[in-house]
Each structure stands twice: as structure tokens, then as C-alpha cells.
Amino acid sequence: MHAAVAATMAGAAAGAFAQLPAGYPADYQKLIDGGKKEAKLVIYGATDSKATQPLINDFRALYPGITVEYNDMNSTEVYNRFISEVAAGGNTADVMWSSAMDLQIKLASDGYAMAYKSVEASKIPGWAVWNDMAYGTTFEPAAIVYNKRLVTAAEVPQTHADFAKLITSEKFKDKVTTYDIEKSGVGFMFMTQDAREYAQFPALEQAFGTARVRVQSSTGTMLERISSGENLIGYNVLGSYALVRAKTDPSLGVVLPKDYTLILSRVLFINKTAKNVNAAKLWVDYMLSHRGQTIISNESKLYAIRADVKGETTSADLIKLIGEKNVKPVPVHPIVLQYLAPAKRMAFLKQWKESAGKK
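Residues numbered from 1 in each chain as written. Predicted model: local features only at pLDDT ≥ 70, side-chain atom pairs only at ≥ 80, totals over all residues. Heavy atoms only, no water.

## So, helix 1 (residues 28–38)
Point 1. Buried within helix 1 we find Tyr28, Leu31, Ile32, Gly34 and Gly35. Summarising the axial view, the buried residues of helix 1 lie within an arc of 160°, below the 170-degree limit, and thus occupy one face. Away from the buried face of helix 1 by more than 90 degrees, exposed residues Lys30 and Lys37 are located.
Point 2. Where helix 1 terminates, the next one or two residues include Ala39, which has phi positive at roughly 65°. (Buried < 20%, exposed > 50% of the residue type's maximum accessible area, 1.4 Å probe, protein only. Helix = DSSP H or I, 4+ residues; strand = E, 2+ residues; numbered from the N terminus. Arc of directions from axis to C-beta.)

Set out below in C-alpha cells:
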């Protein structure tokens, strides 16, 4: 992620403002008119600007006149900046969009999110909506990524147990990477979900310790190090980024584990005290719409959550690839907060550091 990059997109002349989207209720025009008056939308996001730009460009084409200011941070920064700005009573985001699902749900359940029933809510899976406040927007797998030049076909792990066994061999010592779960919100969430899903999780932690795992705070850094051969294999790498890069990088191989594959969905909500509330609602509806989801699939390459979207990266394609029973979506629900309570978080991090040798 690029730290706090702002991409500001100015709209065209207000006179060219968009008409009501097809199939929307007639009173939706009030939202459009309200967004036109506000003329601005501020988003804090943990999605790379490069992936977000096509969405901003298309939203601007749909609703000329609204300037979109997108602030690109890592998932922990998104949370911390929002909390500190709200506490100080200053200006902050209208919309929050992050891959750290647990941090987003914490904010929503702590009262920072506005209730808004999107006109598109019925088109996404039930597990991806919470209380008409928080919405999942993507369908992204946690992947194992390896260097195809240096890891043999026979070594490539197909399950979590295969991976744990593989990395205890001498060849992989100091050559395994994963997220720094203390610094990366999405990394912490993936690892805690593994702890819930995988009965042999303690053995996996021990295997990381044997391998003297190297940790990073971003997907991009992990992919660079695996591609160069500095690391041989990476765990819980964000599959959306990895699968796209692997298409143009012959060094990278990607495995979606066959015993289960965790699915992340970037969570979107409107700040309860948003200054540009109409523009924020327009953005939520756009992101969940067939049009927005088609951009997510074909241009942002983040895997559309809607089942009716056709494109390069869709939930339907992934489910077909992994098998429906092995797909484990992390729900947009307070159940993901289990490990965020301070005492529980500290205990989990302490156990991880001791087992994985990250003292």
C-alpha cells in the first residue's frame, strides 16, 4: 500500500449531472440532487490507488460534479486515523473501505456507522451485510504463493497441513513469509480466522517457528520477495493481488488450499457523522451495483461479490475453482471481533510470538 496517498478526481460541469439509474425508485433522485449539492466525497481506504482508480473514474462518469478524494493507507492506519480524527472532532472520512474486516465491524458495532439500506443490498450474499450498516464488496481468497523456479512441483502444498509440513524442512528455513500480524490488520484477521477454522493451528504456528518466518506489513512486499527468490513461499497472501500479478510474473505460483480457503470481503460503511452523506450513499450503492461490481471484476481485479457479474475475477469463478464446500467466507458480522478485545488480542499475539519465534 502507498501510505496516505490522496487521489482527487474533480467532476465535470454540474449541468451534465447524471439521471436516475435504471430500476431505482423515483425518490432516489433526491439522493442524486443532494450529492450534486455536496459536490465532494472523502474515502479512507486500504485498497491500492491503482485498483481504486477505475471505480473512481466510473463513479465520476455516472455522477459528474462530485469530487472524490481517496486516501490510500494500510488497514491499521485507516482505523487509527479515523478514530483519532473523530476523537479530536475534526474532519474525517465520509466512507470507510477496508480489507481489515474485524476493524471495520468494530467501528460499525461501536456506533460509528450510519444505518443505510442500500437499494442493491439484496444482490449480495446474506453473510456480507450486517445491520444495514456494513457491506462486503469483494470476494478475495487467502492464498499460498510460491516461487515456481525454486519450489518443485512435488513440494507445492495443496492444504494447510501440507504447508505446515513443508516449511519445517531445512530448505525453507528463513525463506517463508507472511503478514506481520501485529502491524497488519488484515494479517491479524486472517490468522485469527485460521485459529477458528483449523484444528491443527498450534502445529502450524510451531512450523512457522521452525522456519524462522519472515514477516511483512504488505502484500506487495511479500510478492516482491517471493518473486526474487529471497523468500520461497508466502502464507495468507491476499489472493486477489497475487493471482493478478502471477499472470505477468512467471516466477509466481498461487495455491488456493483445497482443505479450506478463507475469503475476505472488503467492508464498506458510511460514517455516522459524514459531511457528504448523500454522496456517500451514492458511493455505497454504486459499489454494490452490477455496474460497480463489473468494474471491480474487470478493471480493479478484486473479485466481484455479486453472483450475477461476468468478468475476469468473480466469486462464481473462484467457487468453481475451489469447490463450494471449501470456500470459507469471513462473515461481515461481530463474530469476527472475538480476538479484538485487548486481553484476547494480546494473548493471541503473545502465543504467536512464542510459537513462531517472533519475540
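## Side note on the pattern of salt bridges
Point 1. Per the stated rule, a full pass over the model turns up 19 salt bridges.
Point 2. Put simply, Asp174 and Arg214 hold a salt bridge, and the shortest N to O gap is 2.8 Å. Here the residue Asp174 occupies a position in the loop between helix 5 (160–166) and strand 8 (176–179), and Arg214 occupies one in strand 9 (residues 214–216), the gap between them amounting to 40 residues.
Point 3. As a salt-bridge pair, Lys301 and Glu312 come within 3.7 Å of each other at their nearest N and O atoms. Placement of the pair is Lys301 in the loop between helix 11 (290–300) and helix 12 (315–322) and Glu312 in the loop between helix 11 and helix 12, with a sequence separation of 11 residues.
Point 4. Among the residues examined, Glu312 registers a relative accessible area of 43% and is labelled partly exposed.
Point 5. One network of salt bridges, in which partners are shared, links Glu120, Arg306 and Asp308. (Salt bridge = Lys/Arg side-chain N within 4 Å of Asp/Glu carboxyl O.)

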